[in-house]
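# A look at the structure
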Amino acid sequence: MIPSAELRLNTMVRAMTESILPAIDPENSLVQEQARLMIGHLQALLQQHGREAEINQQEYQDLTQLAIFLTSVADGGEYTKTTRNELMQALDSQSASLSLVIEKLITAPDATTEFKKSAWQPIMDYSEKSNARGRDWFKVMGF
Amino acid sequence: MGSVMADSVILNNVDLEPEIATLLAGSLRLRHKPSYKIKTLQEVETLLLAFMENEALLKSPSVKNLKRLGGGASKEQFVFDLCATNFSPQRCVLRMDPLEGAIVTSRKREVAALEIMTSVVPVPKPLWSDFVGDKLGQPAMITNFVPGVTKPTNSDSNVSGFGTAFDKTTREHLSETFMRYLVAIHSVDWRTINHDCFQAPVADPQQAARWQVNWWTTVWHNDKSQGLPLMALAEQWMRDNLPDTSGENLVFVHSDYRTGNYLYDEQSLEITSILDWELVHIGDFHEDLAWAAIETWSTVENGMLMVSGLIPIDEFCQLYTETTGRKINRKTLHFYQVLGLYKSVAVCLATSINAARRSHNHQDILLSWLATAGYKFLSDMRILLEQERNK
């Protein structure tokens, strides 16, 4: 597509940096701050451009693996059993609610100690990968 | 004992401090409101003048040099010069709730905290307030203006308090006062204060921790748009490891005590004001120590964590114990560090995103920027939980 999204984003950054920001009253700190944040967001979008679908797909794959593991070890009372079934349905239907149901299962109040123990490390391993992905994705924001 | 010792209430079977339960329930009602319309300076001036005349009973009031202040992800802030025939001219700050922000808090509690602390540590002096928002358009308070900076003027940190590095002289000056004021806040005897907006967690030894866990898990569950397995793991771990707090260890917890939330004078290096009292509550003193030591607003020098960029963590704990006589329990400190990070993730990756998505804030762009810090907090929380597991 001509002009590309990359070119359009670049031109926005230049307009903001070279024309709009210098024209803002230096005393107006709120607007100055918002303009700088806008430039930052645009620069982040430039760096991330074209990779969002790939990142989301990786995230969903890892989440799916975790969900499959959790359904295989989930054990506890009625709440745990019901939520485990809910998670299996979410997996079958590739539901967008997958992450929400995973949380619900992990915090099930009647889960057995064995389930909690066996779930701990896989959740930590998944989170290490996912957090690293999130931090790398937003590295340009300075956090 | 006054109303401070009021019984806890259960909201949807959740044991929460009653004022917080009311606040969280009220916040749910704001969600369906249309986009927040940012007021022009002219509109704010008109509201202020009417307020000063009709509520503050000032004669012929005038508002000059009205300006918005930058920063403040959760509140709209304005500075102005106020004059009237029956009032000495004064520079003032209007601190107003947008429809929604990074956190849900109460101006009534914030004003109460300022009133309690005004003789204890330097704080902005509350002058007038509108808790309901029917006079100033939104719940708001007006205080005197306190000069000072939150970070060195040549600092390149992008958000106040995040990774602020001080030179040695500044650090030495500020760290002494930083510690002294924290001790002073914790020395206030909440039992002698008759204020109906704070309740004490005294039903059982774990209630202090449980109230905080329930507060922030409620925020996370109400505001999240997607799940994070690590948040669930942290919640489960916190519920399984609630620490006991004895009565003498219950203090007024500032709850956001860190670099970035105090003003200091760059010449004298004196702290001129402790800010952001909106999260204050009665709780375990470890909570403030753990929060001040969160890595995001601390620095690391020669492998040593400098609490809030000011003081080595071991020295910080040792000094606190020497000054207060309170013994620091490392396990309890660890618990409150996990809670602090959990809270930060909830603020960044749930509440801030929600407020921005609904266009309910005056700085949606700042909220969507701050949200990305959530992954840093998540990473730190994972490391803390791993340390616990490996013990």
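Whatever comes next refers back to the structure up there.
It should be emphasised that the depicted structure is a prediction, and the values quoted were computed from it without experimental measurement.

### Examining the environment of Ile106(A)
Within the secondary structure layout, Ile106(A) lies in helix H5 (residues 98-106). For Ile106(A), a relative accessible area of 3% corresponds to the buried category. Here the alpha-carbon distance between Ile106(A) and Gln47(A), two residues 59 residues apart in the chain, equals 35 Å. Those residues in contact with Ile106(A) that sit more than four places away from it in its chain are Leu70(A), Ile123(A), Pro229(B), Ala232(B), Leu233(B) and Gln236(B).

### Examining the layout of surface pockets
Each pocket or cavity is described by its volume, and for the second largest pocket that value is around 1100 Å³. Along the walls of the second largest pocket sit 36 residues, with Glu52(A), Asn56(A), Phe138(A), Gln226(B) and Tyr375(B) positioned nearest its centre. Going through the elements one at a time, helix H2 (29-48), helix H3 (52-73), H5 and helix H6 (113-137) of chain A together with helix H9 (330-357) of chain B are the ones with two or more residues in the lining of the second largest pocket. Along the lines of polarity and charge, the residues of the lining of the second largest pocket split into 18 nonpolar, 13 polar and 5 charged.

### Here's the deal with the pairing of strand E13 (residues 304-307) of chain B
Residues and elements named next belong to chain B. With 3 bridges joining them, strand E12 (residues 299-301) and E13 adopt antiparallel strand pairing. Of the residues in E13, the one forming a bridge with Glu301 is Met304. Count of turn residues in the E12/E13 antiparallel hairpin: 2 residues, of which Asn302 carries a positive phi of about 50°. With 2 bridges connecting them, E13 and strand E14 (residues 311-312) associate as antiparallel partners. In the sheet register, Met306 faces E14, and the bridge partner there is Pro312. Between E13 and the antiparallel strand that follows it, E14, lie 3 residues; Ser308 among them carries a positive phi value of about 55°.

### Structural notes on unusual backbone geometry
In terms of backbone geometry, most residues other than glycine have negative phi values and most peptide bonds are trans. The phi dihedral of Asp276(B) is positive, around 55°, even though this residue is not glycine. The topology assignment puts Asp276(B) in the loop between strand E10 (271-274) and strand E11 (281-284).

### A short note on the side chain of His41(A)
Tracing the chain through its elements places His41(A) in helix H2. Side chain to side chain, His41(A) and Ser368(B) meet in a polar contact 3.2 Å long. With residues up to four places along the chain from it excluded, the contact list for His41(A) reads Met141(A), Ile365(B), Ser368(B) and Trp369(B).

Reading the values: the criteria
Residues numbered from 1 in each chain as written. Chains lettered and ligands numbered in written order. Predicted model: local features only at pLDDT ≥ 70, side-chain atom pairs only at ≥ 80, totals over all residues. Heavy atoms only, no water. Helix = DSSP H or I, 4+ residues; strand = E, 2+ residues; numbered from the N terminus. Buried < 20%, exposed > 50% of the residue type's maximum accessible area, 1.4 Å probe, protein only. Contact = heavy atoms within 4.5 Å. 1 Å grid on protein atoms, 1.4 Å probe; cavity = no way out; pocket = protein on both sides within 12 Å on 5 of 7 lines; lining within 4 Å. Points joined across faces, edges and corners; volume = space filled by probe spheres on them. Nonpolar A, V, L, I, M, F, W, Y, C, P; charged D, E, K, R; others polar. Pairing = 2+ DSSP bridges. Polar contact = N/O pair within 3.5 Å; in protein donor to acceptor, adjacent residues only side chain to side chain.

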